[in-house]
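An overview of the molecular structure
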Amino acid sequence: MIPRRPLASAVLAVSFVALLYIVEFIDVLLPLNLDGYGIVARSFDGLDGVVWAPLLHADWQHLLANTGPVVVFAFLAMAGGIGQWVVVTATIWLVGGLGVWLTAPDHTVTVGASGLAFGWLAFLLVRGVFSRGIAQLAVAFVLLALWGGMLWGVFPGTPGASWQGHLFGALGGVLAAWLVARADRSRPAASS
């Protein structure tokens, strides 16, 4: 499904990615080592990284790899409205970040928006199951055909990639889809 307000949704998705590029540009330009503000596993000092990690990237290549999925999935996840997208994104951000904080190897710093991308993809893949919506299921099948291979990233195996961020981001997306479907079912039906 395409968002009800496609232009506003596209502007928001592209603006979010632009923010990521601005942050990376600042990190490269200034000697601040912003990546150090990522999630530091099981360190209370590194817990605030849950807030900052999706905005930070190890380098330009890391950011470029996340750009396409972030733009596409963020845009499509706005089909339920921008307000719902904010709640879905916050759920993915929090679940993904806390999952990384709890399970990543000791003394590692995790950064990147791929947890959000995996979360939005999981949200898009399962929301039709929870809501029983035919159009949403159709979108899920198309996404699975186009991007399904990406789901292998939830398993260990790629050196330097946080499979924990991918896994817990995806779990956050599933939780968000369930919460959205539950909220939709609890709303009274509009009468005509």
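Note: the structure precedes this text.
So, here's what we can say about the structure. (Residues numbered from 1 in each chain as written. Predicted model: local features only at pLDDT ≥ 70, side-chain atom pairs only at ≥ 80, totals over all residues. Heavy atoms only, no water.)

**Brief notes about the packing of aromatic side chains**
Here the structure, examined in full by the defined rule, presents seven aromatic pairs. When the centroid spacing of 5.7 Å and the interplanar angle of 50° are considered together, the rings of Phe44 and Trp101 count as tilted. Pair noted here: Phe44 is in the loop between strand 1 (39-40) and helix 2 (49-52) and Trp101 is in helix 4 (residues 82-103), with a separation of 57 residues, a long-range link. Note on Phe44: relative accessible area 68%, which makes it exposed. Seen from their ring centres, Trp85 and Trp120 are 5.8 Å apart, and the 25° between their planes marks the pair as stacked. Highlighted residues: Trp85 in helix 4 and Trp120 in helix 5 (residues 114-131), separated in sequence by 35 residues. Comparing Trp85 with Trp120 shows no difference in burial state: the two are buried. Clustering of aromatic rings is evident, with ring pairs tying together Phe16, Trp85, Trp93 and Trp120. (Phe/Tyr/Trp six-rings, centres within 6.5 Å; stacked < 30°, edge-to-face > 60°. Helix = DSSP H or I, 4+ residues; strand = E, 2+ residues; numbered from the N terminus. Buried < 20%, exposed > 50% of the residue type's maximum accessible area, 1.4 Å probe, protein only.)

**Overview of the side chain of Gln164**
Looking at the secondary structure, you find Gln164 in helix 7 (residues 163-186). Apart from the residues lying within four places of it in its own chain, the contact partners of Gln164 are Val100, Thr103, Ala104, Pro105 and Gly169. (Contact = heavy atoms within 4.5 Å.)

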